[in-house]
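Coordinate analysis (summary)
Here's the letter readout for the chains.
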Amino acid sequence: MKGEDLARNRAAITGVGYTPLSRDSGLGVEALALQASLSAIRDAGLAPRDIDGVVSYGVGDSAQVRSVAQALGLEASNWYADLYGGGSFSCLSVANAAMAVALGLCRHVLVYRALNGRSGRRLGRSTSAAMEAVGGAEQFSVPFGQLAPVQSYGMLARRHMIDYGTTTEHFGHVAVTLRANAVRNERAIMRKAITLEDHRESRWIAEPFRLLDCCQETDGACALVVSRSEIARDLPHPPAHVSSFAMGGSGASALSPDKVDDFTTFFPAHIAPGLYARAGIEVGDIDLAALYDAFTFLIIGQLEDFGFCEKGEGGPFVADGQITPEGSIPVGTNGGLLSEGYVHGLNNVLEAVSQLRGDAGVRQLESVEVALASGWGANVGSALVLSR
Amino acid sequence: MAEKPFRILPRVTGENEHFWCGGREGELRFLRCQPCGTYVHPPAPLCPDCLGKDLQVEAVSGRASVLTFTLNHHPWVPAADHPYAIAIVEIDEQPGLRLMTNIVGCPAESVHVGMRVRAVFEEHEDVFVPLFTPEGA
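Reference entry: report on the structure contained in this document. (Residues numbered from 1 in each chain as written. Chains lettered and ligands numbered in written order. Predicted model: local features only at pLDDT ≥ 70, side-chain atom pairs only at ≥ 80, totals over all residues. Heavy atoms only, no water.)

**Quick notes on the environment of A294 of chain A**
All names here are of chain A. Looking at the element boundaries, A294 is found in the loop between strand 9 (288-290) and helix 10 (296-305). When the C-alpha positions of A294 and W79 are compared, they lie 30 Å apart, and in sequence the two are 215 residues distant. Once residues lying within four places of it in the same chain are set aside, the contact partners of A294 are D213, C214, C215, L337, L338 and Y342. (Helix = DSSP H or I, 4+ residues; strand = E, 2+ residues; numbered from the N terminus. Contact = heavy atoms within 4.5 Å.)

**Focus: the sheet that holds strand 1 (residues 28-33) of chain B**
All names here are of chain B. Taken in spatial order, the three strands line up as 2-1-3 in an open sheet, and their pairing is antiparallel. The sheet terminates laterally at strand 2 (39-40) and strand 3 (55-60), the two strands that pair on one side only. As paired strands, strand 1 and strand 2 are joined by two bridges and run antiparallel to one another. By the bridge assignment, R32 is partnered in strand 2 with Y39. (Pairing = 2+ DSSP bridges.)

**Some points on the pattern of salt bridges**
All names here are of chain B. According to the stated counting rule, one finds 18 salt bridges over all chains in the structure shown. The residue E122 makes a salt bridge to R7 at a minimum N-O spacing of 2.6 Å. One end of the pair, E122, is in strand 7 (residues 116-124); the other, R7, is in the segment before helix 1 (17-21), and 115 residues separate them in sequence. Residue E122 shares its accessibility class with R7, and that shared class is buried. (Salt bridge = Lys/Arg side-chain N within 4 Å of Asp/Glu carboxyl O. Buried < 20%, exposed > 50% of the residue type's maximum accessible area, 1.4 Å probe, protein only.)

**Things to note about the sheet that holds strand 4 (residues 108-116) of chain A**
Residue and element names in this part refer to chain A. Taken in spatial order, the nine strands line up as 3-2-4-7-1-8-11-10-9 in an open sheet, and their pairing is mixed. With one partner strand each, in any of the chains shown, strand 3 (79-84) and strand 9 form the two edges of the open sheet. Averaged over all adjacent pairs, the angle separating strand axes in this sheet is 25°, with direction ignored. Two elements, strand 2 (residues 53-58) and strand 4, share four bridges in a ladder whose sense is parallel. Its bridge partner being in strand 4, V55 is matched across the sheet by V111. (Axes fitted to C-alpha atoms, helices over the stretch in contact; angles between N-to-C directions.)

**Details of a negative patch on the surface**
Residues and elements named next belong to chain B. Residues E17, E123, E125 and D126 make up a contiguous surface patch of negative charge. Along the chain, E17 falls in helix 1. Exposure remark for E17: the relative accessible area of 43% places this residue in the partly exposed category. (Patch = residues over 30% accessible without salt bridge, like charges linked within 9 Å, V, L, I, M, F, W, Y side chains within 5 Å. Areas by Shrake-Rupley, 256 points an atom, 1.4 Å probe, with all protein chains shown as cover. Lys, Arg positive; Asp, Glu negative; His and termini not counted. Charge placed at Lys NZ, Arg CZ, Asp CG, Glu CD.)

**Re the interface of chain A and chain B**
Contacts between chain A and chain B engage 40 residues on the former and 36 residues on the latter. Each partner contributes to the roughly 3,300 Å² buried at the junction of chain A and chain B, and carbon and sulfur atoms together form 63% of this total. Run the count over chain A and chain B and you get zero salt bridges. Between chain A and chain B we count 18 residue pairs in polar contact (both at pLDDT 80 or more) in total. Breaking the side of chain A that touches chain B down by element, the ones donating at least two residues are helix 4 (125-130), helix 5 (149-164) and strand 5 (204-207) of chain A. A per-element tally of the side of chain A that touches chain B places helix 5 of chain A first, with seven residues. Among the residues forming the side of chain A that touches chain B, the class breakdown is 21 nonpolar, ten polar and nine charged. (Buried area = accessible area lost by both parts, 1.4 Å probe. Polar contact = N/O pair within 3.5 Å; in protein donor to acceptor, adjacent residues only side chain to side chain. Nonpolar A, V, L, I, M, F, W, Y, C, P; charged D, E, K, R; others polar.)

**Brief notes about the packing of helix 6 (residues 168-183) of chain A against helix 10 of chain A**
Two numbers describe a pair of packed helices, the interaxial angle and the distance between the axes. All names here are of chain A. Packing of helix 6 against helix 10 brings their axes to within 8 Å, and their N-to-C directions diverge by 105°. The angle between helix 6 and helix 10 falls in the class roughly perpendicular. On helix 10, the residues that touch H170, F171, V174, A175 and L178 of helix 6 are T296, F297, I299 and I300. Each residue belonging to the contact of helix 6 with helix 10 can be placed in one class, and the counts come to seven nonpolar, two polar and no charged. (Parallel < 35°, antiparallel > 145°, perpendicular 65-115°, else oblique.)

Geometry only, nothing functional implied.
Right under this line is the structure:
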């Protein structure tokens, strides 16, 4: 299903904002959301009264859209969307805003994500702390000690290793590459370079994933403004046009093993053809891939299924340096969720915007015309093609 | 792994009782569509294959193969034994009839993809958690 390109370049990201990323923000999620949002609105050259839509996502751990709108003093809004979802919703949230803009509902939509992922609610802890009997889908995973995403993604990675010969050393190359990028990023939580040996010697979390295969539990927020393209041209920064977006996938989730046809085919295989067609691009046109990287292996799987390399070749591809800033498709130039921090994927979208603008400082790639960003959770994911 | 490691248990309802309590009789049970013969899991009101509504509880052999697994080391739950093996197994009776489970009765390090296993049940009052152990064990 390719769809038509009705929304192509009708909306653009015009402002971005961050709070500091830390292990202990000392602030509530509302304060974090507000700080990042105000920063993004100012960056777009706008005032809060210009915002006429607000979109966010979270899993009960973020600031509610209505409380942020109220705090910003928004008098009227044409579009409030408080989406309940995790990693797969990072690009979906931007897509949702872009749709509201493309359809003429709004002029400027604010998108944010705030969380205290380290000092507040930590992954794997909320479930185990409750220790109550579970129902719904969780009854078929939690009783077996499946408590955090690292375990279910570990099972997908394991199957990829068996089927294609991918190794934990390949994972190490991803960790080392993204950390090297984070060293050049003042915002990053982890700025000490690591080696393959450091990766190999880090402790197991859930085999085949070690500590250095996992993203950073993070406190912080980031936000962006999605504006009508024709207005965007008059704002201070070069707009990052939303050329296309997609949200979908198949049943390929370890958490619903009954629905899986193939443990090693991931969501991009299903959405990439339409995503590229609607943007009017081919995979070779993409200059930067801001891929969702909660775990190292997720980059390998997405490189294959977004079409940057052949199926099963993702491991050798990363080991060959192809995802470094000098490689054929730079990934995670900010250090990614692995080393910059985990603002549930939205920070990777902001990095893509920065690279398209050309204001990424020492991290700036030579020429970025087209960037891909993605988000992934369980069996589905979302993605954006952004263009200068 | 200890005899009865820490577990967060399922909430037993009319819809899932056949699955969580079949172990009382030593049986691994699923809903099965009577017209087309498809085993349906997780429990659902309709057969996803033929949309038939006549689903009855039937036992399977309990034999299965490991499709993939992880050895968990991180102490999410302080009381659990580590490492423990979480696996996805496919039940012999039907391709795609799969469960997440733990592999027990063998060193965690010996678990591998393709391993042949059979169902055993861990009793927690009225709940019988289906776990899997190497076929010959």
